[in-house]
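# Survey of secondary and tertiary structure
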Amino acid sequence: MEWIAIGIAAAVVLWLVIVYNRLVALRQTTNQAWADVDVQLKQRHDLVPNLVETVKGYAGHERQTLAEVVAARNAAAAAHGPDEAGRAEAALSGALGRLFALAEAYPELKAAANFLELQRDLSDLENRIAAARRFFNNAVSEFNAAIEQVPAVLFAGALGFRARGFFELGADERQVVEAPPRVAF
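Not measured: the values here are computed from a predicted model. (Residues numbered from 1 in each chain as written. Predicted model: local features only at pLDDT ≥ 70, side-chain atom pairs only at ≥ 80, totals over all residues. Heavy atoms only, no water.)

## What about the overall build of the chain?
A tally of regular secondary structure across the chain gives 6 helices and 0 strands. Secondary structure elements of the chain, listed N to C terminal, follow the sequence α-α-α-α-α-α. Rg of the C-alpha trace for the chain: 23 Å, well past the compact-globule value of 16 Å for 185 residues, more than 25% over. Seen through its principal axes, the chain has C-alpha atoms that stretch 90 × 30 × 25 Å. Put simply, the chain has 185 residues, and 35% of those count as buried. Within the chain, counting contacts between residues at least 6 apart in sequence, those at least 24 apart form 76% of the total. When the accessible surface of the chain is split by element, carbon and sulfur atoms take 59% of a total near 11,200 Å². (Helix = DSSP H or I, 4+ residues; strand = E, 2+ residues; numbered from the N terminus. Rg over C-alpha atoms; globule rule 2.2 N^0.38 Å. Buried < 20%, exposed > 50% of the residue type's maximum accessible area, 1.4 Å probe, protein only. Contact = heavy atoms within 4.5 Å. Areas by Shrake-Rupley, 256 points an atom, 1.4 Å probe, with all protein chains shown as cover.)

## Some thoughts on the packing of aromatic side chains
Applying the stated rule across the entire model yields 5 aromatic pairs. Between the aromatic rings of Tyr20 and Phe161, the centroid separation amounts to 5.7 Å while the plane-to-plane angle is 75 degrees, which identifies the pairing as edge-to-face. Of the two residues, Tyr20 sits in helix α1 (residues 2-59) while Phe161 sits in the loop between α5 (113-148) and α6 (171-178), which places them 141 residues apart along the sequence. Sitting above the plane of the Phe167 ring, Arg133 keeps its charged end 4.3 Å from the centroid. (Phe/Tyr/Trp six-rings, centres within 6.5 Å; stacked < 30°, edge-to-face > 60°. Lys NZ or Arg CZ within 6 Å of the ring centre and 35° of its normal.)

## Side note on the packing of helix α2 (residues 63-78) against helix α3 (residues 81-103)
In the contact formed by α2 and α3, the axes pass within 8 Å of each other and the chain directions differ by 155 degrees. On the basis of their axis angle, the class for α2 and α3 is roughly antiparallel. Remark: the crossing between α2 and α3 carries left-handed chirality. Within the contact between the two elements, α2 uses Thr65, Leu66, Glu68, Val69, Ala72, Arg73, Ala75, Ala76 and Ala78 and α3 uses Glu84, Ala88, Glu89, Ala91, Leu92, Ala95, Leu96, Arg98, Leu99 and Leu102. Across the contact of α2 with α3, the residue classes tally to 13 nonpolar, 1 polar and 5 charged. (Axes fitted to C-alpha atoms, helices over the stretch in contact; angles between N-to-C directions. Parallel < 35°, antiparallel > 145°, perpendicular 65-115°, else oblique. Left-handed = near helix turned anticlockwise from the far one by under 90°. Nonpolar A, V, L, I, M, F, W, Y, C, P; charged D, E, K, R; others polar.)

## Structural notes on the nonpolar core
Nonpolar side chains tend toward joint burial in soluble globular proteins. Judged by nonpolar contacts, the single largest core of 37 residues is most densely connected at Leu51, Val55, Leu96, Leu99 and Phe115. Of all the secondary structure elements, the ones that give two or more residues to this core are α1, α2, α3 and α5. Ranked by the residues each element gives to this core, the list is headed by α1, at 10 residues. In this structure, Phe115 is in contact with Leu51, Thr54, Val55, Phe100, Ala103, Leu109 and Lys110, ignoring residues within four places of it in sequence. Core analysis: the second largest hydrophobic core is formed by 10 residues, Leu23, Ala152, Ala156 and Phe161 among them. (Core = buried A, V, L, I, M, F, W, Y, C linked by side-chain atoms within 4.5 Å.)

## Quick word on the pattern of salt bridges
For the structure shown, the criterion picks out 6 salt bridges. Taking the shortest distance from any N to any O, the salt bridge between Arg98 and Glu68 comes out at 3.1 Å. Taken as a pair, Arg98 in helix α3 and Glu68 in helix α2 lie far apart in primary sequence, 30 residues in all. Taking the relative accessible area as the measure of exposure, Glu68 reaches 29% and is therefore partly exposed. (Salt bridge = Lys/Arg side-chain N within 4 Å of Asp/Glu carboxyl O.)

Right, here's the structure in full:
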């Protein structure tokens, strides 16, 4: 009888270790996914000053738009965590959208090779950021589900496992996504 009790206790401990190790692995995947998003955002932040300088050469009197882009870039670079970064990146996306709209008013800027290359680089980065965001949000979803499922829910909170926030669209980005497309001929 004693051996059965020891066997059951050992099985329970082994089972708890397996569950704990899975939670740790999922947390690490989430951390790594956020680091990947952070790398892509850093590249975006590094590209913005070059873009601003290029526009300045052609449209230097558009100071307010340029200042908004620089301020949004600085706020995004200083953001910490998915929630704060999401809001800051949404503001930066809005400011960049206004910058590209400004380029429409300057045909020589719109045709400049340097500007076109920076615009292509930014477009490529936006695609990589979107992919990294999807991977991060998937990792967060798996992690959050794991800490809310039985048996982990019984001890995950006590061991420091807390639900993570998603990297979501900001209010400006959400309005753009939810707006019906405009078609002009």
